[in-house]
Each structure stands twice: as C-alpha cells, then as structure tokens.
Amino acid sequence: MTASTTAPAEAQHTNAPEGAHIDPAAQVAAAGFVPVQTRSERPHSFDPADFGTPTGREVNWKHTPVAKLTGLFVDEEGDADAVTYGLDAVEAFLEPSEGEEGAYGEFFRPEDLPSALAWKRGPRGLHIQLPAEAELAEPLIVPIEGTGAGKRAFGQILIEAQPHSRGTVVLDHSGSAQYAQNIEIIVRDGASLTVISLQRWDDDAVHASAHQATVGADATLKHFVISFGGGVVRVNPSVELTGAGSEGYLYGLSYADAGQHLESQVYLHHKGPHTKGDVLYKGALQGAGAHSVWIGDVLIGADATGTDSYEANRNLVLTEGARADSIPNLEIETGDILGAGHASATGRFDDEQLFYLQARGITEEEARRLVVLGFLTDIVQRLGIPALETELLAAIEAELAEVSA
C-alpha cells in the first residue's frame, strides 16, 4: 500500500489545459525523472503521436505480448467491415449519429496508443442512452462480431444512463479481428447501470479495449469483464466515483487456455465523499503458455472522506505451464475513511478440499470440477441475468472437459 499527501513532481502535467496533448517521453527527458509509475499520474492525450510505440518495457505494457498487438499501433484507417454491430435490441435507445461528435469525450481521455488511435480513427455515433427515470426490464444486448483475423478495426461506444434510470447493457464480442475499442460510460446522478463486456472471440482475435466511466452522486455502476476467447485480450476499465455517495462494483472472470493472453488493468478512483467500491476479479488457467494479467489500482483521493473500498484478485492454476501475474496497488490521500484494503492470491487446487470431497465418495475428476465451478460461479452469479449465467456455466464446463480429456 502506498500513502501520499502530495502529488509527485512528475505529476505536474495534470495542471495542463483540459484536452492538451502531452508527450510522455519529452516530459520525462525534460524533467529528468523516472517514468510515472502511479496510474493516476499517467499522461493522457487524444493525439496518437504523443504516445510512442510500446516496446514492452513501459510500466503499462511490461506484462503484455506487444509483438502480437502491432496491428493496433499503426496510425492508418482500419477496415470498414472488420467489425459489425447487431443493434436491433438497442435501436430504441440509440441517439442519432448526426451531431454526436460533441457527445463523446465528456469524460474519456486516452491513456495509451491503441486508445488514442481508436479515438482518432474510430467512427462515432454508437451512443446508447437510457432515458431519465426509465427502468429497463430486460438487458440491452449488443452483439459485436469480428469478420476476419486479418482485418483491423477501431471503434467507440458511449453508454449514458440519464438521472435515476436503471438498466443493463451487454457488449458481446465474437468472431475474429484486430480491434482497438473505446467505451465511455457516464452514470448520471441517482442512476444505476450495469455494463457487461463479454469476450468470446475466436482464438486468433486481438482485442485492446479502454473502458472509462464516471459515476455521479448517489449513482451506482456495476461493471463486468468476462473473457474466455481471443488470442490476446486486454480490457482495461477505469472508473471514477465522482459524486457524493456513488458506488462502483468492478468484477471480472477469465479462463485462459494454452497460448491465450487475457489481461485487465483496473483503476478505481474514489473522488467524491462517502463513496463505496468493490473490486473482485477471478481467473482460471490451463495449458502451456496460458497467461493472465491483473493489475488493480485503487486511489482514495484527498476529498474522498468516508470511503469504503476493497480490491482482490484470485487465480486458480490448473495445469503446468500456465502463469498468472497479479499486482494490487492502493494509494490513500486522506486518513478519514471507513476502510480500505487489497488482496491477491494465486495457487493450485487446495489438496484439503479435494481430500474432503474424495473422502465422501466423489471421484478426483469430479472433485476438481466442483472446486473450479465453486471458485468461478461466485462472479457468474453476480450478473443477475439467468440466461447468461447458464451460458457461462456451460462454457466453464466445456473448458474443464478439455482438462480431463
């Protein structure tokens, strides 16, 4: 845990005019400081030229196989047909694309090269808005399908919950593509919004997505990142609890197979007073080269008095050759809080659990299945969508069948 009362000298760029372009390399060279390590002090820019091409040595790229994402580092137009959106279910909630340029960027600020390229190259116009006071009986499901592994796509989606609205939006990714994506989420005062990002890509898909959300007074955001498919999937949510009494619940579930890289760098910023946050990501890994990365950053700001926050990451390694990197970070700038903590654990099967089950006549194979299901079901059951929960449990069962095959 890191506690601080003053911002480091290298953070002075935060006083720059809003939307200003920052050159991280030039900034560091001029000031003579080590590159910024704290998530809250990383440079932001809308201009891709302000971000150097990642090498894998940068703090936000050092756990990522950057060589597999090179298609998303090139400042060129993507393929217009690389990704298709199924919008029938949400058509009534789509704001017209005409004049939508100004609606984007109220909160969103790119913090890496793919995100800046998605801002520059990605079309705007997919603006899902829940009307004030509305309560949706069913989730809005947006199928997003890649049409080919060799195709590149840049995209942006704005999800906005107007005051005192309630609803769920599901972004369901499938197929294959090289896809850089920005998701801007705005939860107005008193609203309650659930956003679920499902990654069920084919094995050769590459997906880099930046989710940035702001939550107003007495509003609630539940945010899920669920990753099963894809060759390289990097979904990084950043949530700011801006309003007094706002709440943020960030949950994640991943199941990495041989050769897969599934990554989430999570940032939760308690900015307003009396905010509440809960971060819990769980992952299972199996097969040679299976790799998961979770980096969790929680910042409790100087004005976030009365905060209650906790973050945790749990990983279950099922076979030899799999690796999970887990790094929790907590920064507190005020002593007037209700509580804060973080935890991380990565391990293999609990032998005592297996012994307990086998002692009651359950085979070893079935005991292992039950342990994994019990471990991951915790996240699945928080979705609150029975049909989707059934689908995901079936997907977990299918993954487990491959282990015992």
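Enquirer: What's the story with the side chain of Asn 182 in this structure? I'm lost.
Expert: Checked against the element boundaries, Asn 182 lands in strand 5 (residues 166-187). Here Ser 115 takes part through its backbone oxygen, which lies 3.0 Å from a polar atom of the side chain of Asn 182. Excluding residues within four positions of it along the chain, Asn 182 makes contact with Phe 108, Ser 115, Ala 118, Trp 119, Gly 155, Gln 156, Ile 157 and Ala 210.

Enquirer: What is the right way to read the side chain of Thr 220 from this model?
Expert: Here Thr 220 shows up in strand 8 (residues 220-227). In this structure, Thr 220 is in contact with Val 187, Ala 191, Ser 192, Leu 193, Val 215, Glu 247 and Tyr 249, ignoring residues within four places of it in sequence.

Enquirer: Looking at this structure, I do not really get the pairing of strand 6 (residues 192-199). What am I missing?
Expert: Along a regular strand, successive side chains alternate from one face of the sheet to the other. Most of strand 6 is tucked away, with eight of its eight residues classed as buried. On strand 6, burial covers both faces: Ser 192, Thr 194, Ile 196 and Leu 198 on one face and Leu 193, Val 195, Ser 197 and Gln 199 on the other are all buried. Pairing geometry for strand 5 and strand 6, over eight bridges, is parallel. Paired with Leu 171 across the bridge in strand 6 is Ser 197. The pairing of strand 6 with strand 8 spans eight bridges and is classified as parallel. Along strand 8, the bridge assignment pairs Leu 193 with Leu 221.

Enquirer: For this particular structure, what's the right way to read the nonpolar core?
Expert: Across soluble globular proteins, nonpolar side chains show a tendency to be buried alongside one another. Leu 193 and Leu 221 are the most contacted members of the largest nonpolar core, which has 61 residues in total. If we ignore the near neighbours within four places in the chain, the residues touching Leu 193 are Leu 130, Ile 159, Ala 161, Gly 167, Val 169, Ile 185, Val 187, Thr 220, Leu 221 and Lys 222. Judged by nonpolar contacts, the second largest core, of 33 residues, contains Ile 226, Leu 253, Tyr 255 and Phe 349.

Enquirer: Please clarify how the packing of aromatic side chains should be interpreted in this entry.
Expert: In this description, an aromatic ring pair is defined by two values, namely the gap between the centres and the angle between the planes. Counting across every chain of the model gives seven aromatic pairs. Ring geometry for Phe 46 versus Trp 119: centroids 4.8 Å apart, planes at 50°, classification tilted. With Phe 46 in the loop between helix 1 (24-31) and strand 2 (83-85) and Trp 119 in helix 2 (residues 113-121), the pair connects residues that are 73 residues apart, well separated along the chain. The class of Trp 119 is buried, set by a relative accessible area of 12%. A centroid spacing of 6.4 Å and a plane angle of 45° characterise the contact between Tyr 281 and Trp 294, whose relative ring orientation is tilted. Within this pair, whereas Tyr 281 is found in strand 12 (residues 276-285), its partner Trp 294 is found in strand 13 (residues 291-300), the two being separated by 13 residues in sequence.

Enquirer: Any chance you could explain unusual backbone geometry here in plain terms?
Expert: Negative phi values dominate among residues other than glycine, just as trans dominates among peptide bonds. Within the chain, Glu 133 stands out as a residue other than glycine whose phi angle is a positive 70°. Classification of Glu 133 as exposed rests on a relative accessible area of 58%. Phi at Asp 218 is positive, roughly 55°, even though this residue is not glycine. Of note, Asp 218 is situated in the loop between strand 7 (206-215) and strand 8.

Enquirer: How should empty space enclosed by the protein be read in this particular structure?
Expert: Once rolled over the atoms, a probe with the size of a water molecule shows which space is left empty. Within the structure shown, the criterion is met by four cavities of 30 Å³ or more. In this model, the largest cavity occupies a volume close to 140 Å³. Along the walls of the largest cavity sit 17 residues, with Ser 254, Leu 262, Ser 264, Tyr 281 and Val 293 positioned nearest its centre. Elements that contribute at least two residues to the lining of the largest cavity include exactly strand 8, strand 10 (247-256), strand 11 (261-270), strand 12, strand 13 and strand 14 (308-317).

Enquirer: Honestly, the pattern of salt bridges in this entry has me stumped. Any pointers?
Expert: Any two side chains of opposite charge can pair if their charged atoms end up close together. Scanning the model with the defined rule gives 19 salt bridges in all. Lys 282 is the salt-bridge partner of Asp 378, the closest N and O atoms lying 3.4 Å from each other. Note that Asp 378 is positioned in helix 4 (residues 364-380) and Lys 282 in strand 12, a separation of 96 residues in sequence. Note that Arg 382 is salt-bridged to Asp 378, the shortest N-O span being 3.2 Å. Classification of Arg 382 as partly exposed rests on a relative accessible area of 28%. Each of Asp 75, Glu 77, Lys 120 and Arg 121 takes part in salt bridges that share partners, so that together they form one network.

Enquirer: Hey, could you run me through the environment of Leu 373 in this one?
Expert: Structurally, Leu 373 is set in helix 4. Given a relative accessible area of 12%, Leu 373 falls into the buried group.

Enquirer: Would you mind showing me how to read helix 4 here?
Expert: An α-helix turns once every 3.6 residues. As a result, residues three or four positions apart point the same way. Compared with the 24 Å implied by 1.5 Å per residue over 17 residues, the 24 Å span of helix 4 between its first and last C-alpha is a close match. Taking the largest bend as the criterion, helix 4 deviates by roughly 25°, centred on Gly 374. What helix 4 keeps buried is the set Ala 367, Val 371, Val 372, Leu 373, Phe 375, Leu 376, Thr 377, Ile 379 and Val 380.

Enquirer: How should the confidence of the model for the protein be read in this particular structure?
Expert: Residues shown with low pLDDT carry predicted positions that ought not to be read at fine detail. Per-residue pLDDT for the protein averages 88, and the proportion of residues at 70 or more is 89%. The low-confidence segment residues 1-33, where pLDDT is below 50, has 44 contacts with residues more than four positions distant or belonging to other chains.

Enquirer: I would appreciate a short explanation of the packing of helix 3 (residues 351-358) against helix 4 in the present structure.
Expert: Two quantities define a packed helix pair, namely the angle between the helix axes and the distance between the axes. Interaxial distance between helix 3 and helix 4 falls to 9 Å at its minimum, and their mutual angle equals 125°. One element, helix 3, and the other, helix 4, form an angle in the oblique class. For the element pair helix 3 and helix 4, the recorded crossing hand is right-handed. Facing helix 3, whose interface residues are Gln 353, Leu 354, Leu 357 and Gln 358, helix 4 presents Glu 364, Ala 367, Arg 368, Leu 370 and Val 371. Counted by class, the contact of helix 3 with helix 4 contains five nonpolar, two polar and two charged residues.

Rules used in this analysis
- Think of each chain on its own: its residues are numbered from 1, step by step along the sequence as written.
- For this predicted model, a pLDDT threshold of at least 70 governs which residues receive local features, and a threshold of 80 or more governs which side-chain atom pairs are given and counted, while totals over whole chains, interfaces and linings are taken from all residues.
- As a convention, hydrogens and water are excluded, and side-chain values are obtained from all of the structure's heavy atoms.
- Numbering of helices and strands starts at the N terminus; helices are DSSP runs of H or I of at least 4 residues and strands are runs of E of at least 2.
- Polar contacts, as counted here, are pairs of nitrogen or oxygen atoms within 3.5 Å of one another; within protein the pair requires one atom able to donate a hydrogen and one able to accept it, and residues that are adjacent in sequence qualify only if both atoms are side-chain atoms.
- The contact definition used throughout considers only heavy atoms, calling two residues in contact when any of these lie within 4.5 Å.
- We call a residue buried when its accessible area falls under 20% of the maximum for its residue type, exposed when it is over 50%, and partly exposed in between, using a 1.4 Å probe and counting protein chains only.
- Note on pairing: two strands pair once DSSP finds at least 2 bridges between them.
- Put simply, a nonpolar core is a bunch of buried Ala, Val, Leu, Ile, Met, Phe, Trp, Tyr and Cys residues held in one set by side-chain atoms that sit within 4.5 Å of each other.
- Only rings of Phe, Tyr and Trp enter the pairing, Trp through its six-membered ring, and a pair is recorded when the two centres are within 6.5 Å. The plane angle decides the type: under 30 degrees is stacked, over 60 is edge-to-face, the rest tilted.
- A cavity, in this analysis, means grid points on a 1 Å lattice covering only the protein atoms where a 1.4 Å probe fits yet has no way out; a pocket is instead an open set bounded by protein on both sides within 12 Å along at least five of seven lines, and a residue lines either one if it has an atom within 4 Å of a point.
- Grid points are joined across faces, edges and corners, and a volume is the space filled by probe spheres set on the points.
- Criterion for a salt bridge: a side-chain nitrogen of Lys or Arg within 4 Å of a carboxyl oxygen of Asp or Glu.
- Between the first and last residue of a helix there are one fewer steps than residues, each counted as 1.5 Å, and that sum is the expected span.
- To get the bend at a residue, fit one axis to the 7 residues ending there and another to the 7 starting there, then take the angle between the axes.
- Residue-level confidence of the predictor, termed pLDDT, takes values from 0 up to 100.
- Where helices are involved, their axes are fitted lines through C-alpha atoms of the stretch in contact, as for all axes, and angles between N-to-C directions lie from 0 to 180°.
- These descriptions rest on fixed angle ranges, namely under 35 degrees for roughly parallel, over 145 for roughly antiparallel, 65 to 115 for roughly perpendicular, and the rest for oblique.
- Should the near helix be turned counterclockwise from the far one by less than a right angle, the crossing is left-handed, whereas a clockwise turn marks it as right-handed.
- Note on residue categories: nonpolar means Ala, Val, Leu, Ile, Met, Phe, Trp, Tyr, Cys or Pro, charged means Asp, Glu, Lys or Arg, and polar means any other residue, Gly included.

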